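Here are the chains, one letter per residue:
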Amino acid sequence: YNDYKRINEENLGLARKLNDSNARAVAYHNIAVYHRVKLQNDSAYYSYSNALKYYSPQREIEKIANVLLNIADIQDTEQDLINSEKNAIKSLILYESLPENEINLDNQWTLNNLLGIVSIKLGNLENSFKYHSVALKIADEMNNGYYNSIFSRNNIALVYRKQNNLDAAINYYSELAEVRNTYDEYDPTFYPLVLTNLAYTELLAGKKNYAEMERKFRVAYQISDSLNDPVTRVAVSIDFSKYFKQQKERDSSFKYANIAYKLSKEIGANEILLDALKVLSELKPGEDGKAYLNEYIKLSDSLLNVERNVRNKFARIEFETDKIEEENEKMAVQRRWLFIVSAALLLALVFLYIIVNQRSKNKQLRYEKDQQKANEEIYNLMLSQQDKVDEARANEKKRISQDMHDGILGRLFGTRLSLDSLNFSEGKDAIMSRAQYITELKNIENDIRKISHDLNTDFVAGSNFMTIVSELIEKQTRAYGIDYNFEYEDDIAWDNLSNKTKINIYRIIQESLQNIYKHADATCVNIAFELENEDICLEISDDGKGFDVNRSRKGIGIKNINSRADEFEGKAVYDSDKGKGTTLKIYIPQHN
C-alpha cells in the first residue's frame, strides 16, 4: 500500500508539471482508494473531491459516478446524511444513464441500498422501503445477485420492524434463517444477526415461545463469540439483554447489557452504546443508575455536536481543495527561493562560525594573559606582605631591646646596687629591705617570662600566608555558594618555602575550587595542610559527583594543577569515583 501511495503521489507531481487534468484526476482517485483502505475518511474525501474536479463530465461519466458513490458512502459513515443522500442520487442518475451490465447493476444496487440505509437514519421509512425494494428488484435481475438479494431482504425486514409491521418482518427473517447454508460461507456473521433479529422481533410482537427465543439468542451469541467478531456480538448482546429485561431476569439482563456497553466502546458503535447505557440505567438503582443515565445524556449531546460539526467539515474540505491546489503551485516557486535563501544562510553561518571561533581564541589568549598578570600581582602581594612582616619583626626587636635596656636592665642594676649596700647591714630593717628587693627580682623575672612568651606567640611562622589562603577560600566558597572547612598545622615552616612555591600553592587551591564549582555539583569542600613525613600535604576533598580519573587526565584544570605541582617538584594524587566525591592531595617538599 505504501508503494502504491508513493507511486501515485509521484504521478500527481508529474501531472501537475504536464498540466494534465485527466492524469491528475486518475492520481487523485488512486490516492483516495489508498485512504479508503486505511480508513482515513477525511483524506479520502479530499482526494475524491479533487478527482471530481478534474474528471471530464462528458468523457468520464462512469468514473465520476464511482467518485460520487464513494463520497456518499464516506458521508454516510461520518453522519453527514443529507449530503450523502444528495451525492448518492447524483451517482445513481449517472449509473442509470450508462449501458446495463453486471458492474453497473451492482453499483445501482449499492446506491439504492445506501439510500435505503440513509433514509432509515433520517427517519423516512417510506423512502427507505422504496429504495430497498428497488435494490431487491435489481438484485433479482443480476446474474450474480443472490447475496445482494439476501441483504436487501434483511434490510426490508428491518424497515417492516421499524414500521411496526412485525409479522411481515418475522416472515422475512424466518425465510433468511431457513436458507442459512446458501450464504454461510460467504458471510458467516450474517446468520447470527438474522437469528437475533428474528428472536427480538418475535419478542416485540408479543410471541410467547420464550424458550425458543432464548435458544435463538444463545445460538446467535455462541456463533458470534466463536467467530471472534465484536460487531456481531455487540448486536446480539444488546438484544439478548432486552429479552432478559422483559423476562425480569435483571442479573442476566445486566450481564449482556454490560457486554454490549464494553464492546460498543471498543469498536465505537455509539448507537448501541446509547442503547446499552439506557438499559443499564434502568437496571441499576440509586447512584449507579444515575451515573449510567448521566453518561447516556453526555454521549447523546456529544453525538449531536459531532453531527453538527460534520455537516460543515466536508464543505470546508471542498472549499479548501481549490485553495490548496493554488498553494501547491506557489510552494514549488517558494521551494526554489527557499533553497537559494538556505544556501545563502548556510554560507553566512559558516562565516559567523569562523568569526565566533576566532573571537573565542582571542578571548582565551586574553584570559591567559590576565592569568599571568594575576600571578605577578599575587607574587608582588606576597613580597609586600613579607616586607611588612620583616619590618614588623625589626620594630618588635627594637621595642624589646628598648624594654630590656631601659626597663628590665635598669631595674636589675638598681636592685643589684641596693643589695650590695646591704651586705654589711644587719638588723630587722636590713632584712625587710632585702625582702623588698627579692620581690622586685621576682617581678623582673615575670616581665622577662612575659617577653619570652610574646616572642613565641605573636609571630607564628607563616601565619601571614595562611591568612592570605584563608581569605581566598572564604571569598571563593561564598561566591560559589559552597560550605567549607579549613584546617592547618601551626608547625609548618612556611618561611622556608619560596614565594614562587607559595604562589603555585595559592593557584592550585584557586583552580581546584573553580573545578569543584563548575563540574562537581558539590555542597561542601574540605581543605587542610598537614605534615606527612618530610613533606607538606595539601588535601582538598569534596562531596560532589566525582569523575573517572583515567578518562579525565587530559582536562585543562588537571593539567594546570599537575604543571604547578611540577614547578616545586611536588606530586598531585587524585582519588575519585562517580557519585563518591573527589580527593586531591598535593605533596610539597619543604626544601622549596
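Please refer to the structure placed before this passage.
Keep in mind it's a predicted model, so treat the numbers as computed, not measured. Per-chain numbering applies: the sequence of each chain, read as written, is numbered from 1 onward. It should be noted that, the model being predicted, local features are given only for residues of pLDDT at least 70 and side-chain atom pairs only at 80 or more, the latter also being counted only at that level, while totals for whole chains, interfaces and linings use all residues. The side-chain quantities take in all heavy atoms of the structure and omit both hydrogens and water.

> Please clarify how the overall build of the protein chain should be interpreted in this entry.
Of regular secondary structure, the protein chain possesses 20 helices and five strands. For the exposure calls, accessible area comes from a 1.4 Å probe over protein chains only, and a residue counts as buried if that area is under 20% of its type's maximum, exposed if over 50%, partly exposed in between. Across the 592 residues that make up the protein chain, the buried fraction comes to 38%. Residue contacts are defined here by distance: any two heavy atoms, one from each residue, within 4.5 Å place the two residues in contact. Considering only contacts within the protein chain whose residues lie at least 6 apart along the sequence, 62% involve residues at least 24 apart. Exposure was quantified through the Shrake-Rupley algorithm and a 1.4 Å probe, taking into account, for residues, occlusion by the shown protein chains and nothing else. Carbon and sulfur atoms provide 51% of the accessible area of the protein chain, an area that totals close to 34,900 Å². Note on conventions: DSSP H or I runs of at least 4 residues are helices, E runs of at least 2 residues are strands, and numbering of each starts at the N terminus.

> Sorry if this is basic, but what is going on with the sheet that holds strand β4 (residues 571-576) here?
Whether parallel or antiparallel, the strands of a sheet pair through hydrogen bonds between backbone atoms. Strands pair, by our definition, only if DSSP identifies at least two bridges between them. The strand order β1-β2-β3-β5-β4 describes an open sheet built from five strands, whose pairing is mixed. Across the chains shown, the open sheet's two edge strands, defined by having one partner strand only, are β1 (483-488) and β4. If you compare each strand with its neighbour and ignore which way they point, the axes differ by 15° on average. The pairing of β4 with strand β5 (residues 582-589) spans six bridges and is classified as antiparallel. Residue K571 lies in a different strand from β5, and its bridge partner there is Y587. Only the stretch in contact is used when a helix axis is fitted, and all axes are lines through C-alpha atoms; the angle between N-to-C directions ranges over 0 to 180 degrees. Each of β2 (524-532), β3 (535-542) and β5 touches helix α19 (residues 499-520); the most contacted strand, β3, lies at about 15° to it. Across the face of the sheet, helix α20 (residues 556-567) comes into contact with β4 and β5 while running at roughly 145° to β4.

> What exactly am I supposed to notice about the layout of surface pockets here?
Rolled over the atoms, a probe with the dimensions of a water molecule shows which regions are left empty. Estimates place the volume of the largest pocket at around 2,500 Å³. In terms of lining, the largest pocket is formed by 50 residues, of which the most central are I117, K121, L158, E271 and I272. Those elements giving two or more residues to the lining of the largest pocket turn out to be α4 (61-77), α5 (81-97), α6 (102-121), α8 (146-162), α11 (190-204), α13 (230-246), α15 (270-283) and α16 (286-421). The residue classification treats Ala, Val, Leu, Ile, Met, Phe, Trp, Tyr, Cys and Pro as nonpolar and Asp, Glu, Lys and Arg as charged. All others, Gly included, are polar. For the lining of the largest pocket, the per-class residue count stands at 25 nonpolar, twelve polar and 13 charged. Residues are called lining when one of their atoms sits within 4 Å of a cavity or pocket point, these points coming from a 1 Å grid over the protein atoms alone, where a cavity is a set in which a 1.4 Å probe fits but cannot get out and a pocket is an open set with protein on both sides within 12 Å along at least five of seven lines. Grid points are joined across faces, edges and corners, and a volume is the space filled by probe spheres set on the points.

> Hey, could you run me through the packing of α13 against α15 in this one?
Between two packed helices, what matters for the description is the angle formed by their axes and the separation of those axes. Running from N to C, α13 and α15 point in directions that differ by 25°, and their axes come no closer than 11 Å. One finds that α13 runs roughly parallel with respect to α15. Crossing geometry of α13 relative to α15 is assigned as left-handed. Counting all contacts with α13, which are made through V234, A235, I238, S241, K242 and K245, the residues of α15 involved are I272, D275, A276, V279, E282 and L283. Its residues assigned to classes, the contact of α13 with α15 shows seven nonpolar, one polar and four charged. Throughout this description, any angle smaller than 35 degrees is read as roughly parallel, any larger than 145 degrees as roughly antiparallel, any in the 65 to 115 degree range as roughly perpendicular, and the remainder as oblique. Handedness of a crossing is defined here by the sense of rotation of the near helix relative to the far one, left-handed for an anticlockwise turn of less than a right angle and right-handed for a clockwise turn.

> Before we go on, may I ask you to explain the packing of α6 against helix α7 (residues 125-141) in this structure?
Relative orientation of the contacting elements α6 and α7 amounts to 160°, with a least axis distance of 8 Å. On the basis of their axis angle, the class for α6 and α7 is roughly antiparallel. α6 and α7 meet at a crossing whose hand is left-handed. Between α6 and α7, the residues in contact are L105, Q108, W109, N112, N113, L115, G116, I117, S119 and I120 and L125, N127, S128, Y131, H132, V134, A135, I138, A139 and E141, respectively.

> Sorry if this is basic, but what is going on with the nonpolar core here?
Most often, soluble globular proteins have nonpolar side chains that are buried together. Core analysis: the biggest nonpolar cluster contains 46 residues, and Y160, F217, F240, Y243, Y256, Y261 and L277 have the highest contact counts within it. Of all the secondary-structure elements, those providing two or more residues to this core are α8, α9 (166-178), α11, α12 (210-226), α13, α14 (250-267), α15 and α16. Sort the elements by how many residues they give to this core and α11 lands first, with eight residues. Excluding anything up to four places from it in sequence, Y160 contacts F129, N165, L166, A168, A169 and Y172. As used in this record, nonpolar core signifies buried Ala, Val, Leu, Ile, Met, Phe, Trp, Tyr and Cys residues forming a set joined through side-chain atoms within 4.5 Å. Among the nonpolar cores identified, the runner-up in size contains 34 residues, and I505, I536, L538 and I586 belong to it.

> Which parts of the structure should I look at to understand a nonpolar patch on the surface?
The grouping of L345, L346, L347, L349, V350, F351, L352, Y353, I354 and V356 at the surface amounts to a nonpolar patch, some 1,000 Å² of accessible area in total. For V350, the position within the fold is in helix α16. Put simply, a patch holds well-exposed residues, over 30% relative accessible area, that have no salt bridge, with like charges counted together within 9 Å and Val, Leu, Ile, Met, Phe, Trp or Tyr side chains within 5 Å. Salt bridges, as used here, are contacts in which a Lys or Arg side-chain nitrogen is within 4 Å of a carboxyl oxygen on Asp or Glu.

> Honestly, the side chain of D76 in this entry has me stumped. Any pointers?
Within the secondary structure, D76 is located in helix α4. D76 sits in the buried class, given a relative accessible area of 8%. What qualifies as a polar contact is a pair of N or O atoms within 3.5 Å, subject to a donor-acceptor requirement within protein and to the restriction that residues adjacent in sequence count only when both atoms come from side chains. Reaching out from D76, the side chain makes a polar contact with the side chain of K121 at a distance of 2.9 Å. When residues no more than four places from it in sequence are discounted, the contact partners of D76 are L81, S84, L114, V118 and K121.

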